[in-house]
Amino acid sequence: MKNEVMFPAEGIHIRDRLTLHPESGACDVIFEAAPVLRGATAAVSYRVVKSLPQAPSLREANESRQLSLRGPGVSYGIGQAEVELSRADEHLRLDWRLRPHQGLDLWLEVTNIGDRPVRIDTLRVLDLSAADGALTLGAPTRYWSVYQNGWQSWSPTFARHADNGTYVDPQNENYRIMHQPHSSASGISSEWVTVIAPRPPLAQGMSLLIGFITLADQLAEVRLELDEQLQFTYLRAICYADGVILPPGEHLFSERLTLTAGDDPLALLESYAARVGETMHARPADNSPTGWCTWYYFYGENTATDVLDNLQRIESQHLPLDYVLIDDGYQAAIGDWLHVDTDKFPQGMAALARQIRASGRRPGIWTAPFGVEAEAPLVTAHPDWLLRDEAGEPLIAWTHMGRGPIYALDLTHPQVQEWLADTFRIMRREWGYELFKIDFLFAAALPGRRHDPQTTRAQALRQGVSIIRQAIGEDAFLLGCGAPLGPCLGLVDGMRIGPDVAPNWKPFWQDLSMPAMENALRNVMTRSFVHNHWWINDPDCLLIRTRDDESDLKLNEMRTATTLIGLSGGAAFLSDNLVTLRPGRLKYLRQILPPLGQAARTLDLFEHEMPRLLMLPISRPWGQWVVVACINWEDHTVSTTLELDALGLPAGRYHAYHYWRRRYLGPVEGSLTIERHQPHETVLLLLKPVSDRPELLTSTFHIAQGAVEIASAHWQGTWEEGCTLTLQLEKAGQQYGQLLFAVPAGYRLLSARVNGRRRRVKRLAAGIVGMGFTLRDQAFVQWTFAS
């Protein structure tokens, strides 16, 4: 006798978010009353272990199997908080759990119900194919824009256009190791999160975010594939369990996935970043650090004398920089961190740290802690500490400039863990360093034979970073670099979010991950939304030196880099040689110090693969304004028109001020056109509603134009007898700048004072007056107006 369960033909509806189809092991996901995903399911790939040698080899590959929910024998359950679909074979039971949240949360549980161990390879938390389902966003697929988040700090990140684009796969082994952690190279792969959105202005419709909200235990990607005609093929959200063994009776969970939808794809990313930061217990954001770094001028050739000479210039120029970061080059070998190159640092690193602290700065130091160069003594002494490939050979993680091949360390080896902890304890407690830049972290997450084969790549990386955090303590600043992002969350204070900057604008060959200013700035814009949610973003160093001093950057290119680094709200480190730097160039550094801490929004992230429009909204008790960056990435002059409604500004008249040109552009309404927008130039604008009373228009002491340096502002008096605006300015260091005021018809300026002394005022345009002065740490400014 056959038992049958009858289901409604249209499926079982759950909270306006889900329609279950238990007979096919699938579901439809619904947003705003429309099915967005039809026929979604889940699956697990595994291998049955026939023998368990003492050290299982990666080559022990029994037949790969797949258990999918799509098939006969599916059961389901509907609870108060979640829904479950389940299916089993002779070895595993697969449970797919779905919980309506702001959107929909999904995860998998795999249980070994057989009598043999199995290796779990991948968990498809979401599996949707054109053969059995559909992805519908209301816009043709050729007009989709797909957010592609790279694996690690330097990996290219941007919203790719489905029809064509700038993405380049160099297809070499070095790129594969550094940026492609998964075997499949087809489709568009985004690590941990993607948003699929209709590309404005070509199409309108719903945007869909698919993103993992737990990131600690398994590397994970979201992969979308379109065919040659740009028709949908499949969408998968995959967790990589890396072949860990699941004994009989044991179970394994995937990372948790969330689906959300809406008409603002950038807002979806911002909400996602906030939720992940909370879920992963991101470290609370303190003030963004500032400092000077040795790397981008000396490239490892600096000596202790060079450091001290630059330290003296920092003091004499009154530069408000917190840290002095000693980058690569001090060590005897990669992996031999406690043995110093005594020719360059004869007194050692502890003595240098004491001298930095004596100047009122804080010492920082660079390491690449998960790698060791082939010729280092550690390799000979401890060959068992190395991560090895399938053939048993040491795994080369990267080739280091001037050092040769670098082997990856096995972070699951207890002796490696002990050595790592001892190294960083000495650097922190005995040497006295307070900031630790840990670089090339991806080496810990490469596939290979590990001492503990039950540790995934993500867990190995997280173990290593956790050991360093414990060794340096909670009070030291930990800055990740070259790091797979997810597993570092909750452990690092700051994270590099893009490729290295360089004193050249474009890379020397077509590779979006190569050191180049343009490459670095792309990721600064496209990852801005994680700032202060996951960590403090590190946009990399500012380079302001002139072209006759080891640089190929033109003035507009340098200003663009200064603008985007400043608007990132993140870390601000200078990496020029202050001994040779023209003093006049220091104004660019001063104008982004201290960092505001708030990141500008990348408004056209899904419209242009290289975004052109950033906006920083500012609200203070004395006024509201927006700072807007319009960027010309082209190699020729263009005309750029900025529509004010594209910024979300209410209709009305706005003061417009061009920051870098120090030019008032007049009141504007509706739109603003930049007739000669030069190659690689960023036009930095202030837009502020026009008032019928006198008001502060802008300050040139910082690119946020009043948000940082003005501590307070208040009016006192009457317009008939004289109304005085008192400003308190606070900004560490010494800097010349201007304050500009708008004085509408019917009002006049009676006096202007700085720290009680009368100052001359210049008329800059009709109804606009300004006053320049040197700000030394703080000042009180009083302007008196009358009607």
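Participant: Just checking my understanding: could you explain the overall build of the protein chain for this structure?
Facilitator: In terms of helices and strands, the protein chain carries 12 helices and 48 strands. By the compact-globule yardstick of 28 Å for 787 residues, the protein chain fits well, its C-alpha radius of gyration being 29 Å. Referenced to the eigenvectors of the C-alpha coordinate spread, the extents of the protein chain come out at roughly 100 × 70 × 45 Å. A buried classification covers 62% of the 787 residues belonging to the protein chain. Counting only contacts in the protein chain whose residues sit at least 6 apart along the sequence, the fraction spanning at least 24 positions is 70%. Entry remark: accessible area of the protein chain is about 30,500 Å², with carbon and sulfur atoms responsible for 47%. Of the charged side chains in the protein chain, 74 are positive and 90 negative; the average position of the first set lies 7 Å away from that of the second.

Participant: It is not clear to me how unusual backbone geometry should be interpreted in this structure. Could you clarify?
Facilitator: Leaving glycine out, the prevailing phi sign among residues is negative, and the prevailing peptide bond configuration is trans. Here the bond from Pro-200 into Pro-201 is cis, since omega is -5°, no more than 30 degrees from zero. With respect to the secondary-structure elements, Pro-201 resides in the loop between strand E15 (193-198) and strand E16 (207-212). For the bond running from Leu-593 to Pro-594, omega is -15°, close enough to zero to count as cis. Here Pro-594 is to be found in the loop between helix H12 (586-590) and strand E34 (601-602). Not every positive phi belongs to a glycine, and Tyr-299 is a case in point at roughly 50°. Of the residues examined, Tyr-299 reaches a relative accessible area of 30% and is grouped as partly exposed. You will see that His-318, though not glycine, has its phi angle at about 55°, which is positive.

Participant: I'm lost on the packing of aromatic side chains in this one. Help?
Facilitator: What characterises a pair of aromatic rings is the spacing of the ring centres plus the angle enclosed by the ring planes. Counted under the stated rule, the structure contains 26 aromatic pairs. Look at Tyr-296 and Tyr-299: their rings are 6.1 Å apart centre to centre, the planes differ by 90°, and that puts the pair in the edge-to-face class. Taking the relative accessible area as the measure of exposure, Tyr-296 reaches 2% and is therefore buried. Where Tyr-588 meets Trp-660, the ring centres are 5.5 Å apart and the plane angle is 45°; that geometry is what we call tilted. In this pair, Tyr-588 sits in helix H12 while Trp-660 sits in the loop between strand E38 (653-658) and strand E39 (663-669), placing the two residues 72 residues apart along the sequence. Owing to a relative accessible area of 4%, Tyr-588 belongs among the buried residues under this scheme. Following the ring pairs from residue to residue traces out a cluster consisting of Trp-715, Trp-719, Phe-741, Tyr-747, Trp-783 and Phe-785. It is Arg-236 that lies over the ring of Tyr-234; its NZ or CZ is 3.9 Å from the centre.

Participant: Whenever I open this one, the environment of Arg-757 confuses me. Can you help?
Facilitator: Checked against the element boundaries, Arg-757 lands in strand E46 (residues 757-758). According to the relative accessible area criterion, Arg-757 is exposed, its value standing at 64%. Sequence separation between Arg-757 and Leu-555 is 202 residues; the distance between their C-alpha atoms is 36 Å.

Participant: Mind showing me how you'd approach the pairing of strand E4 (residues 34-48) here?
Facilitator: Two faces make up the sheet, and in a regular strand the side chains alternate between them. The element E4 is extensively covered by neighbouring structure, given that 12 of its 15 residues are classed as buried. Across 4 bridges, the pairing between strand E3 (residues 26-31) and E4 is antiparallel. Paired with Cys-27 across the two strands is Ala-40, which belongs to E4. Counted between consecutive antiparallel strands, the loop separating E3 from E4 contains 2 residues, among which Glu-32 sits at a positive phi close to 50°. Note: E4 against strand E11 (residues 134-135), 2 bridges, orientation antiparallel. Looking at the pairing, Arg-38 lines up with Ala-134 of E11. Bridge analysis of E4 against strand E10 (residues 118-129) gives 7 bridges, and the strand direction is antiparallel. What sits directly across from Thr-41, in E10, is Asp-127. Relative to strand E5 (residues 64-68), E4 runs antiparallel, the two being bridged by 5 bridges. If you follow Arg-47 over to E5, its bridge partner there is Ser-64.

Participant: Explain the packing of helix H7 (residues 414-430) against helix H8 (residues 457-472) here, please?
Facilitator: The angle between the axes and the distance between the axes are what describe a pair of packed helices. Viewed as axis vectors pointing N to C, H7 and H8 meet at an angle of 35°, and their least axial separation amounts to 8 Å. When you trace H7 past H8, the crossing you get is right-handed. Residues Gln-417, Leu-420, Ala-421, Phe-424, Arg-425, Arg-428 and Arg-429 of H7 form the contact with H8, whose participating residues are Gln-463, Gly-464, Ile-467, Ile-468, Ala-471 and Ile-472. Taken together, the residues of the contact of H7 with H8 break down into 7 nonpolar, 3 polar and 3 charged.

Definitions and limits used
Position labels on residues start from 1 in each chain and follow its written sequence. This being a predicted model, a pLDDT of at least 70 is required before a residue's local features are given, and a value of 80 or more before pairs of side-chain atoms are given or counted; all residues contribute to the totals for chains, interfaces and linings. Heavy atoms from the whole structure form the basis of all side-chain values; hydrogens and water molecules are not counted. Secondary structure elements follow DSSP: runs of H or I of four or more residues count as helices, runs of E of two or more count as strands, with numbering from the N terminus. Put simply, the radius of gyration uses C-alpha atoms, and a globule should come to 2.2 Å times the residue count raised to 0.38. Whether a residue is buried, partly exposed or exposed follows from its accessible area with a 1.4 Å probe, protein chains only, as a fraction of its type maximum: under 20%, in between, or over 50%, in that order. In what follows, residue pairs with any heavy atoms lying within 4.5 Å of each other are defined as contacts. Here the Shrake-Rupley method, with its probe set to 1.4 Å, supplies the accessible areas, and only the displayed protein chains count as covering residues. When charges are tallied, Lys and Arg are placed among the positive residues and Asp and Glu among the negative ones, while His and the ends of the chain are skipped. Charge placement uses NZ in Lys and CZ in Arg. For Asp and Glu, CG and CD serve respectively. Stacked, tilted and edge-to-face pairs are distinguished by plane angle, under 30 degrees for stacked and over 60 for edge-to-face with tilted covering the rest, among Phe, Tyr and Trp rings (Trp via its six-membered ring) whose centres lie within 6.5 Å. Definition used: whenever NZ (Lys) or CZ (Arg) falls within 6 Å of the ring centre and also within 35 degrees of the ring normal, the charge is taken to sit over that ring. Here the rule is simple: two strands pair whenever DSSP picks up at least two bridges between them. Here an angle of 0 to 180 degrees is reported between the N-to-C directions of two axes, which are lines fitted to C-alpha atoms, with helices fitted over the stretch in contact. A crossing counts as left-handed when the near helix is turned anticlockwise from the far one by less than a right angle, and as right-handed when that turn is clockwise. Think of it as three bins: nonpolar holds Ala, Val, Leu, Ile, Met, Phe, Trp, Tyr, Cys and Pro, charged holds Asp, Glu, Lys and Arg, and polar takes everything else, Gly as well.

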